[in-house]
Amino acid sequence: MSTTNQINLILFSQHGMSDDNKDMASLAHKVAPTKSYVVAPKLDFLATYLDSKSLINQLENAAEQTLRCYPNIPARIIATSLGGVIWLEVLSRHTDWWKRFESLILLGSPVGGADLARIVDPFGWGIGIAKYLGQNHRVLAEEISASIPTLVIAGNITGGGDGVVPIESTKLRYAHFTQLDGVDHVALKSHTAVIKAIQEFWSEPRQPIPDPPDNLLTELIAYFRSVPGITDASQRDFSKSHVIYSFKNGVSIHTWTNLVGVDHIFIANQHGKCEYSGFVGWIHSADLQKAIDAMIRSFQ
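All figures in this text were calculated on a predicted structure; none of them were measured in a lab.

Basis of the calculations
- Residues numbered from 1 in each chain as written.
- Predicted model: local features only at pLDDT ≥ 70, side-chain atom pairs only at ≥ 80, totals over all residues.
- Heavy atoms only, no water.
- Pairing = 2+ DSSP bridges.
- Helix = DSSP H or I, 4+ residues; strand = E, 2+ residues; numbered from the N terminus.
- Axes fitted to C-alpha atoms, helices over the stretch in contact; angles between N-to-C directions.
- Contact = heavy atoms within 4.5 Å.
- Buried < 20%, exposed > 50% of the residue type's maximum accessible area, 1.4 Å probe, protein only.
- Arc of directions from axis to C-beta.
- Salt bridge = Lys/Arg side-chain N within 4 Å of Asp/Glu carboxyl O.

S.K.: Mind laying out the sheet that holds strand β1 (residues 9–14), listing which residues take part and the relevant values?
M.R.: One open sheet accounts for 6 strands, arranged β2-β1-β3-β4-β5-β6; its pairing is parallel. Lying at the two open borders of the sheet, with one neighbouring strand each, are β2 (36–39) and β6 (176–181). Neighbouring strand axes in the sheet, compared pairwise and without regard to direction, differ in orientation by 15° on average. By the bridge criterion, 5 bridges tie β1 to strand β3 (residues 75–80) in an arrangement that is parallel. Looking at the pairing, L11 lines up with R76 of β3. Against the sheet, helix α1 (residues 22–31) touches β1, β2, β3 and β4 (101–107), its axis set at about 145° to β1.

S.K.: Give a description of helix α10 (residues 216–225) that names residues and reports values.
M.R.: Within α10 the residues assigned to the buried category are L216, L217, L220, I221 and F224. One side of α10 holds all its buried residues, which, seen down the axis, span an arc of 135°. Buried residues in α10 make contact with β7 (230–232), β9 (252–257), β10 (263–268), β11 (274–280) and α11 (285–298).

S.K.: Explain the pattern of salt bridges residue by residue, including any values.
M.R.: Going through the model one piece at a time under the given rule, you end up with 11 salt bridges. Between D232 and R138 there is a salt bridge, with the nearest N and O atoms lying 2.8 Å from each other. One end of the pair, D232, is in strand β7; the other, R138, is in helix α7 (residues 138–145), and 94 residues separate them in sequence. Each member of the pair D232 and R138 is classed as buried. R173 is the salt-bridge partner of D211, the closest N and O atoms lying 2.3 Å from each other. Residue D211 is located in the loop between α9 (192–202) and α10, and its partner R173 is located in the loop between α8 (167–170) and β6; the two are separated by 38 residues in the primary sequence.

Listed below in C-alpha cells is the structure:
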C-alpha cells in the first residue's frame, strides 16, 4: 500500500459478474486524479454466479481494511453491473462510512432488478445469483444516493437498455443520470464516453439532486414500483402496448402481454412518451391487475 502522505484520494473500482478486476482497474487508473490510491478488489469468480453473501463479505472486508489504513483520506467508488449492487449492500451496512465518500458512480447497475435474472429465476426460487440480481434494491440505493453524490451511467443499444440491463432499472432518485447511446453493457468498463462522463462529473463539487415535487406521473411510477414482484423493464416494447386508461392531464397507463404470458405495464406522459416500464412474473399477474384496477377506481 501507499503511505498516507503520498495519496489524496482512495478510488474503489469494482467489477461485476463473470469478470476479473483488470478492466475496472484500468478504468480507474485512466480517470483517477493525481495521488489517488486505486483499490480494485478481485472477487471470487465462481461466487459471482452463485453466492451474493460471500461477494458482499469479500468487498466489505477489502473496503474496511483500506479505510482503516487511511482513516483521514476521502474516497470515491466506481462500480459496474453486479459490482454496483454489491457496493450498495456494503454501504447499507456502514452508514458511518458515507461521510468518507465524495461520490458513487454506477455503470449499468440493475438497482431496480435485472429482467434477464427474472427470466432465469421467474419464481424467485433461488437459482444462483439470478435470485439476487432479480431483486429490487432501489429503496436501499435511494437512501444512499440522497446522501452520497451519485452518477448513474446507462448504455443504450436497444432503445431501452445496454443489451443486458434495462435503462429503467438503473435510474435513481437524487442521482445524476447520463445515457450513452451506442454503448453496450461490456463497453461501460472502457468506453471513452464513460471516461469523459466520469471526469466531467468529478470536475466540480456535486450534491444529490433535490427530490422534484410530486405529480401524477411520479406518483404513478412510485405506486406501480411497489407492486409485489414487479421488475423494471426495457421501454422497447412500449410501441406494442395499448392504452387502458387516460387521465385528464394526458398521462396514460398502457399494458402489454408478451408471447409467453408475461404482463407488462407502461406509464406515458401527456406527450405520449414512455416514462416507466415494468413487468411481473406469472405468479404476480393478479397483483398487478389488482393494482391497476385500484388505481383506476380511485380516479373515477
